[in-house]
Amino acid sequence: GKIIIPKEIGEGLQILKASKTVRGAILHLVFLYGLLAALYVLSISLASSIDGLGPTKFGTLLAVSGLGMVLGALVVAQVGHSLSRPRLTSAGLGTITWSLVLLGQMQGSLFSTLLLCGALGIGAAFVAIPAQTTLQEDTPEAQRGKVFGLQNNLINISLSLPLVLAGWLVSHYGLIPVLWLLAGLAMIAGI
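Source: prediction; values computed, not measured.

**Here we look at helix H2 (residues 20-48)**
For H2, which comprises 29 residues, the first-to-last C-alpha distance of 42 Å matches the rise-based estimate of 42 Å (1.5 Å per residue) to within 8%. Along its length, H2 shows its largest kink, about 35°, at Leu42.

**Some words on the nonpolar core**
In terms of nonpolar packing, the biggest core is built from 43 residues, with Leu39, Leu42, Leu100, Leu103, Leu135, Leu179 and Leu182 touching the most fellow members. Where this core is concerned, the elements lending two or more residues are helix H1 (7-18), H2, helix H4 (85-105), helix H5 (110-138), helix H6 (144-173) and helix H7 (175-190). Per-element accounting of this core gives the leading share, 12 residues, to H2. Apart from residues no more than four positions distant in its own chain, Leu100 is found in contact with Leu35, Leu39, Leu120, Leu179, Leu182 and Ala183.

**Describing a nonpolar patch on the surface**
Side chains of Val70, Leu71, Leu74, Val75, Val79 and Leu83 sit close together on the surface and give an oily, nonpolar patch of about 480 Å² of accessible area. Topologically, Val79 is positioned in helix H3 (residues 59-79).

**Topic: the environment of Thr60**
Position of Thr60 among the secondary structure elements: in helix H3. Residue Thr60 is classed as partly exposed on the basis of its relative accessible area, which comes to 34%. With 85 residues separating them in the primary sequence, Thr60 and Gly145 have C-alpha atoms 36 Å apart. In contact with Thr60, not counting residues within four places along its chain, are Leu53 and Leu114.

The rules we used
Residues numbered from 1 in each chain as written. Predicted model: local features only at pLDDT ≥ 70, side-chain atom pairs only at ≥ 80, totals over all residues. Heavy atoms only, no water. Helix = DSSP H or I, 4+ residues; strand = E, 2+ residues; numbered from the N terminus. Expected span 1.5 Å × (residues − 1). Bend = angle between axes of the 7 residues up to and from the residue. Core = buried A, V, L, I, M, F, W, Y, C linked by side-chain atoms within 4.5 Å. Buried < 20%, exposed > 50% of the residue type's maximum accessible area, 1.4 Å probe, protein only. Contact = heavy atoms within 4.5 Å. Patch = residues over 30% accessible without salt bridge, like charges linked within 9 Å, V, L, I, M, F, W, Y side chains within 5 Å. Areas by Shrake-Rupley, 256 points an atom, 1.4 Å probe, with all protein chains shown as cover. Salt bridge = Lys/Arg side-chain N within 4 Å of Asp/Glu carboxyl O.

Below you can see the structure in the form of structure tokens.
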């Protein structure tokens, strides 16, 4: 019963243990991708609650979130250098928290839902870009392959669990409590 960890993953974990900034960046990315995976599932329920959209057009909500990410990336490119990465990340997580809470409150309104999905995308960019930049700058060049390999493994894991869990939670507790749960997790991550 001994768990054998591949050498590259073990070395990547050692780098995370040694560097607080790299560890924080990986945790933010893993959390963000897990949250986005859960929202992928929740977007079907959100779209179902909107007259004129319906569950088959949930991709519209995802597309607007993607546009928000592009807009967020443009904002980060223009003003990101004047803000610290922790502030950008906190602003992103705060935007995500606010968007998730309001998505539950504005349920059924197409315009509000689209606006909030766009804001959520902006928040995601504010989290992802500083985290990825930190990984590039704070990981020693010789160890980047190990860290990015570990990052990919952790993100793949973080994508899988929410896909299963979010659907189950919505079917048992409803959409709004799950949105609030995700908002609470985003708020904790921001703090």
